[in-house]
Amino acid sequence: LITIRKRRGMFVSDMSTSHAVSALGLFLELKFDKDYILHVFNLRQVIEPEVSRWAARNRTPEDLALLRKNLERMEGCDPEDRDVESTLDQEFHSTITAASRNPIAPVVLDPIFTLMPKIRAMVYSNIADCRSTALDFHREIFDAIERQDEDSASALMRDHITRAARQANEA
């Protein structure tokens, strides 16, 4: 939010989405602990099902192509390569958020999505079947979005996040 220029001083940066997202992302990163993670999941349970509903309504052929490619890459991903897998998971949720066509949704959710690799690392190290259930949910959510079935997309995303929150609580 502030730019420091050597020998010139400090200046308030232009307000932009990227500045807001990076500031919130830094805040969330610094507050990272198990209790905070559960609060993050609670927020996701409220927001992401509606974002998925909007994505089902507003998605384009390009959005579907991106989601399809993401699923193919996730299905072919080495289960031991948690970094790539986490990036693909983050991409899936970000693509749905963009497909919602709500310009505020990425500002709110992208900083949360940046925590996903750390959360997944914590959960996956303690719970065996996480990957397969997440991938199954992703496939079903994609199918609902492709069919423009808003109610199913929303319900599936809610179930997906509820299960992930339960797994995070067990980790």
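Structure's up top.
All of the points below concern the structure found in this document. (Residues numbered from 1 in each chain as written. Predicted model: local features only at pLDDT ≥ 70, side-chain atom pairs only at ≥ 80, totals over all residues. Heavy atoms only, no water.)

**Points about a nonpolar patch on the surface**
Turning to step 1, where the next piece is worked out: A cluster of nonpolar side chains, Ile2, Ile4 and Met10, forms an exposed patch at the surface whose accessible area comes to about 380 Å².
Turning to step 2, where the next piece is worked out: Mapped onto the elements of the fold, Ile2 is located in strand S1 (residues 2–5).
Turning to step 3, where the next piece is worked out: Among the residues examined, Ile2 registers a relative accessible area of 56% and is labelled exposed. (Patch = residues over 30% accessible without salt bridge, like charges linked within 9 Å, V, L, I, M, F, W, Y side chains within 5 Å. Areas by Shrake-Rupley, 256 points an atom, 1.4 Å probe, with all protein chains shown as cover. Salt bridge = Lys/Arg side-chain N within 4 Å of Asp/Glu carboxyl O. Helix = DSSP H or I, 4+ residues; strand = E, 2+ residues; numbered from the N terminus. Buried < 20%, exposed > 50% of the residue type's maximum accessible area, 1.4 Å probe, protein only.)

**Section: the pattern of salt bridges**
Turning to step 1, where the next piece is worked out: In this structure the tally under the stated criterion is 10 salt bridges.
Turning to step 2, where the next piece is worked out: Of the charged contacts, one joins Glu150 and Arg57 as a salt bridge, the two residues approaching to 3.0 Å between their closest N and O atoms. Here Glu150, found in helix H8 (residues 150–170), pairs with Arg57, found in helix H2 (residues 34–58); they are 93 residues apart in sequence, far enough to count as distant.
Turning to step 3, where the next piece is worked out: A residue is classified by how much of its surface remains accessible, and Arg57, at 41% relative accessible area, is partly exposed.
Turning to step 4, where the next piece is worked out: Between Arg139 and Asp136 there is a salt bridge, with its nearest N and O atoms 2.8 Å apart. Here Arg139 pairs with Asp136, and both are found in helix H7 (residues 130–147), just 3 residues apart, close to one helical turn.

**Some words on the packing of H2 against helix H4 (residues 82–99)**
Turning to step 1, where the next piece is worked out: Their axes nearest at 7 Å, the elements H2 and H4 cross at an angle of 60°. By the criterion of interaxial angle, the relationship of H2 to H4 is oblique. Crossing of H2 against H4: the hand is left-handed. Residue-level inspection shows Arg44, Glu48, Val51, Ser52, Trp54, Ala55 and Asn58 of H2 in contact with H4, the latter providing His93, Ile96, Thr97 and Ala99. (Axes fitted to C-alpha atoms, helices over the stretch in contact; angles between N-to-C directions. Parallel < 35°, antiparallel > 145°, perpendicular 65-115°, else oblique. Left-handed = near helix turned anticlockwise from the far one by under 90°. Contact = heavy atoms within 4.5 Å.)

**Some details on the pairing of S1**
Each regular strand displays side chains that alternate between the two surfaces of the sheet.
Turning to step 1, where the next piece is worked out: Bridge count between S1 and strand S2 (residues 9–12): 4 bridges; the pairing is antiparallel. Within S2, the position partnered with Arg5 by the bridge is Gly9.
Turning to step 2, where the next piece is worked out: What sits between S1 and S2 in their antiparallel hairpin is a turn of 3 residues, with Arg7 showing a positive phi close to 65°. (Pairing = 2+ DSSP bridges.)

**Overview of unusual backbone geometry**
Turning to step 1, where the next piece is worked out: With phi around 65°, Arg101 is a residue other than glycine that occupies positive phi space.
Turning to step 2, where the next piece is worked out: Here Arg101 shows up in the loop between H4 and helix H5 (105–113).

**Quick look at a negative patch on the surface**
Turning to step 1, where the next piece is worked out: Together, Asp78, Glu80, Asp81 and Asp83 give the surface a local cluster of negative charge.
Turning to step 2, where the next piece is worked out: By the element assignment, Asp81 lies in the loop between helix H3 (61–76) and H4. (Lys, Arg positive; Asp, Glu negative; His and termini not counted. Charge placed at Lys NZ, Arg CZ, Asp CG, Glu CD.)

**What about the packing of H2 against H8?**
Turning to step 1, where the next piece is worked out: Look at H2 against H8: their axes get within 7 Å of each other, and the N-to-C directions meet at 165°. Of the possible angle classes, the one that applies to H2 and H8 is roughly antiparallel. The crossing of H2 and H8 is right-handed.
Turning to step 2, where the next piece is worked out: Broken down by class, the residue content of the contact of H2 with H8 amounts to 11 nonpolar, 5 polar and 10 charged. (Nonpolar A, V, L, I, M, F, W, Y, C, P; charged D, E, K, R; others polar.)

**Notes on the side chain of Thr133**
Turning to step 1, where the next piece is worked out: Looking at the element boundaries, Thr133 is found in helix H7.
Turning to step 2, where the next piece is worked out: If sequence neighbours within four positions are ignored, Thr133 has contacts with Arg163 and Gln167.

**Observations concerning H3**
Turning to step 1, where the next piece is worked out: Helix length check: H3 (16 residues) gives 23 Å between terminal C-alpha atoms against 22 Å at 1.5 Å per residue, within 8%.
Turning to step 2, where the next piece is worked out: Of the positions making up H3, those classed as buried are Asp63, Leu64, Leu67, Asn70, Leu71 and Met74. Mapping the buried residues of H3 onto a view down its axis gives an arc of 125°, with all of them on the same face. Facing away from the buried side of H3 by over 90 degrees, the exposed positions are Pro61, Glu62, Leu66, Lys69 and Gly76. (Expected span 1.5 Å × (residues − 1). Arc of directions from axis to C-beta.)

**A word on the environment of Asp89**
Turning to step 1, where the next piece is worked out: In this fold, Asp89 is placed in helix H4.
Turning to step 2, where the next piece is worked out: When the C-alpha atoms of Asp89 and Met74 are compared, they prove to be 7.8 Å apart, with 15 residues separating the residues in sequence.

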